[in-house]
Amino acid sequence: GSFYVDAGPAIAYNLYGTRKMSSTTTSVSFSKKGNSSFKRLDTGLQLGAGYMFRIKQKKLALDIRYTHGLRNISNDSEIFNRYLNVSLYIFKPWKTNPFAWKRN
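Keep in mind that what you see is a predicted model, and the values were worked out from it rather than measured. (Residues numbered from 1 in each chain as written. Predicted model: local features only at pLDDT ≥ 70, side-chain atom pairs only at ≥ 80, totals over all residues. Heavy atoms only, no water.)

A.B. asks: Can you lay out the overall build of the chain for me, pointing to particular residues and giving the numbers?
C.D. replies: For the chain, the count of helices and strands is 0 helices and 8 strands. The order of α-helices and β-strands along the chain, N terminus first, is β-β-β-β-β-β-β-β. Relative to the globule expectation of 13 Å for 104 residues, the C-alpha radius of gyration of the chain, 20 Å, shows a markedly less compact shape. By principal-axis analysis of the C-alpha atoms, the chain measures approximately 65 × 35 × 25 Å. Contacts spanning at least 24 positions in sequence make up 56% of the contacts within the chain whose residues lie at least 6 apart. Roughly 8800 Å² of accessible area belongs to the chain as shown, and the carbon and sulfur atoms make up 58% of that amount. (Helix = DSSP H or I, 4+ residues; strand = E, 2+ residues; numbered from the N terminus. Rg over C-alpha atoms; globule rule 2.2 N^0.38 Å. Contact = heavy atoms within 4.5 Å. Areas by Shrake-Rupley, 256 points an atom, 1.4 Å probe, with all protein chains shown as cover.)

A.B. asks: Please give an account of the layout of surface pockets that cites residues and values.
C.D. replies: Volume-wise, the largest pocket comes out at about 200 Å³. In terms of lining, the largest pocket is formed by Asn14, Tyr16, Gly17, Thr18, Arg19, Val28, Phe30, Phe38, Lys39, Ile73, Ile79 and Asn81. A breakdown of the residues in the lining of the largest pocket according to their chemical character gives 6 nonpolar, 4 polar and 2 charged. (1 Å grid on protein atoms, 1.4 Å probe; cavity = no way out; pocket = protein on both sides within 12 Å on 5 of 7 lines; lining within 4 Å. Points joined across faces, edges and corners; volume = space filled by probe spheres on them. Nonpolar A, V, L, I, M, F, W, Y, C, P; charged D, E, K, R; others polar.)

A.B. asks: Account for the pattern of salt bridges, with residues named and values stated.
C.D. replies: In this structure the tally under the stated criterion is 2 salt bridges. Among the salt bridges present, the one from Asp6 reaches Arg65, with a minimum N-O distance of 3.1 Å. Of this pair, Asp6 sits in strand E1 (residues 2-13) while Arg65 sits in strand E7 (residues 58-69), and the two are 59 residues apart along the sequence. Look at Arg65 and you get partly exposed, because its relative accessible area is 24%. Taken together, the shared-partner salt bridges in this structure form one network comprising Asp6, Asp63 and Arg65. (Salt bridge = Lys/Arg side-chain N within 4 Å of Asp/Glu carboxyl O. Buried < 20%, exposed > 50% of the residue type's maximum accessible area, 1.4 Å probe, protein only.)

So this is what it looks like as structure tokens:
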């Protein structure tokens, strides 16, 4: 197994969203201007760490990342994205290398 850390920029493009206030959920409107609308593009910084386990011929990785949004995503108030992402990856080796050139 091996432990790793990572850090760097994060860029996101929002396709769809919902907004929940009290018990009412509504779809989010995306536009460049206007009240109650949001911006599609978001930028931020990401910090993370993980651990990769070896299980026979496979690898299993547990990855945890925190993203801190730097760009205001709302057109009428200050709203920034902050989120924690937990991922589990399973890697299996190729039977043959698909990127290797065959020699004659």
